[in-house]
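Remarks on the overall topology
Now for the letters of each chain:
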Amino acid sequence: MQFDTTSFRARYRAGIKPGYNAWLHGGFVLLFGTLCIGFLLTRITNPSLWEWLTVPLALIFYNWGEYQIHKNLGHVKHRFSKLFYQRHTGDHHSFFAYGQMNFETPKDWRVIFFPAWLIVIFATINLTAFWALSQWNTNVAALFCATLLMGYLAYEIMHACEHLPAQHPLSQLPWVRGMRRLHELHHARELMHNFNFNVVFPLWDWLYGTLYTDNPNSKDDQPMTRMQHHVDIPRAPDHLLAYLATPTRWHEWHHYRVAIQGPKGTLGAGERFEYSSERAGYLLWDVLDYRPGQRWVAQARGKYGLMMHVTYDCTPLGTGSRFTRTVEYRFDHPIGRLANRLFVRKRLEQDSADLLKNLGAVAEQRIPASQVSERDT
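**With respect to the packing of aromatic side chains**
One pass over the structure, following the stated rule, counts 32 aromatic pairs. On the numbers, 5.1 Å between centres and 55° between planes, the contact of Phe195 with Tyr212 is tilted. One end of the pair, Phe195, is in the loop between α8 (174-186) and α9 (203-208); the other, Tyr212, is in the loop between α9 and β1 (225-233), with 17 residues separating them in the sequence. For Phe195, a relative accessible area of 1% translates into the label buried. Chaining the aromatic ring pairs together yields one cluster made of Trp250, Trp253, Phe273, Tyr275, Trp285, Trp296, Tyr312 and Phe323. Across from the ring centre of Tyr212, 4.0 Å away, lies the NZ or CZ of Arg301, which sits over that ring.

Structural data, given as structure tokens:
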């Protein structure tokens with residue numbers, strides 16, 4: 001069922017206190033943060049070249065922290081960070097959804113900006129860190145802490161820009177336009193817990209393989225790794241393929257734990273489901289073709305630019321069927337390609353063989369000979 005973003009927006013807006021002032025909210029965050037940065041910058045005296053290196057290192061550190069907090073606190077519910085999770089996943093991702101990313105009134109800034117008190121806490125932590133680090137080197141301490149505060153303000157500004165209308169002049173700036181698109185993809189409900197966590201610069205999304213773009217075919221000239229296995233099963237092709245093309249039943253014949261979110265029953269072309277396992281991690285699947293009793297084709301995307309194409313073929317064989325599973329995949333990310341050469345290909349080859357071996361052992365128990373191919377309810 002599709003989430004009703006319009007109704008949530010109406011309820012959220014109705015709950016905003018009449019005294020809320022969006023300009024005061026945003027202005028306080030920017031002014032307070034700028035004043036703290038200014039104070040830290042006045043502590044710097046004739047910095048050396050190696051001390052200036054603190055700035056890029058602090059930016060990398062901040063970018064990593066942004067990624068980790070967004071991914072592991074904003075999208076994973078913990079008792080100690082329940083309020084942050086509720087405000088981010090519960091409110092922000094319900095207010096803004098893929099295709100409905102624009103704020104409409106200044107009061108909508110309340111669900112874009114962090115609470116005003118958070119900049120006070122963040123600044124207090126940084127000023128305390130400055131005092132501690134300055135016992136060693138005042139210039140390094142000031143540059144490090146000022147850069148972290150600049151990162152915080154950059155996050156607030158860029159995030160606000162990513163919720164501007166597409167025709168706004170700021171949205172047309174090349175970097176804003178690119179990050180805005182990545183952030184919109186992050187707001188797709190099937191992607192938000194797994195992809196595009198960086199908001200200002202996607203460094204750690206790239207390094208961790210969680211960068212998701214809407215141009216998956218940009219490297220179609222890259223060769224695919226291909227593997228194929230088959231098994232003979234004493235069940236009619238239409239019955240067998242209907243069972244195999246029901247992802248919510250994959251756990252019955254997979255030899256490792258899998259979790260599926262999506263429609264029940266045999267899935268046809270155009271349908272989508274989500275897959276998680278201890279082996280492949282998270283995959284987003286789209287069914288491309290289903291011909292009852294003959295062929296089922298699906299395509300998946302995962303971390304490190306993984307593109308996977310799976311074909312299930314069933315052909316009559318006496319009173320049963322020969323099932324052939326063909327897997328073709330590639331990694332668009334260099335880390336993924338390296339991992340494939342070192343160990344992924346070998347592991348997938350073994351997993352594919354084990355899957356069919358396990359299917360041969362359970363199919364007769366799970367698929368009654370008289371079963372009629374129909375959609376589960």
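**Some details on the nonpolar core**
Membership of the largest hydrophobic core comes to 41 residues, with the highest contact counts inside it found for Phe96, Trp109, Ile112, Leu149 and Tyr152. No other element matches helix α7 (residues 138-161), which puts 13 residues into this core. With residues near it in sequence (within four places) discarded, Tyr152 still touches Val29, Tyr62, Phe114, Leu118, Ile119 and Phe122. Counting residues in hydrophobic clusters, the runner-up holds 38 residues, among them Met227, Val258, Leu283 and Trp296.

**Examining the pairing of strand β6 (residues 306-317)**
Summarising the sheet, strand β5 (residues 295-302) and β6 pair through eight bridges and their orientation is antiparallel. Considered in β6, the bridge of Gln299 is made with His309. If you look at the hairpin formed by β5 and β6, you'll find three residues sitting between the two strands, and Tyr304 has a positive phi there, around 55°. Taken together, the 12 bridges between β6 and strand β7 (residues 320-331) define a ladder with antiparallel strand orientation.

**Focus: the packing of helix α2 (residues 22-41) against α7**
Taken N-terminus to C-terminus, the directions of α2 and α7 make an angle of 160°; their axes are 9 Å apart at the nearest point. Put simply, α2 runs roughly antiparallel to α7. Once α2 is placed against α7, the crossing between them reads as left-handed. Taken together, the residues of α7 that come into contact with α2 (itself represented by Val29, Leu30, Gly33, Thr34, Cys36, Ile37, Leu40 and Leu41) are Ala142, Cys145, Ala146, Leu149, Met150, Tyr152, Leu153, Glu156 and Ile157. For the contact of α2 with α7, the residue count by class is 14 nonpolar, two polar and one charged.

Rules of the game
Residues numbered from 1 in each chain as written. Predicted model: local features only at pLDDT ≥ 70, side-chain atom pairs only at ≥ 80, totals over all residues. Heavy atoms only, no water. Phe/Tyr/Trp six-rings, centres within 6.5 Å; stacked < 30°, edge-to-face > 60°. Helix = DSSP H or I, 4+ residues; strand = E, 2+ residues; numbered from the N terminus. Buried < 20%, exposed > 50% of the residue type's maximum accessible area, 1.4 Å probe, protein only. Lys NZ or Arg CZ within 6 Å of the ring centre and 35° of its normal. Core = buried A, V, L, I, M, F, W, Y, C linked by side-chain atoms within 4.5 Å. Contact = heavy atoms within 4.5 Å. Pairing = 2+ DSSP bridges. Axes fitted to C-alpha atoms, helices over the stretch in contact; angles between N-to-C directions. Parallel < 35°, antiparallel > 145°, perpendicular 65-115°, else oblique. Left-handed = near helix turned anticlockwise from the far one by under 90°. Nonpolar A, V, L, I, M, F, W, Y, C, P; charged D, E, K, R; others polar.

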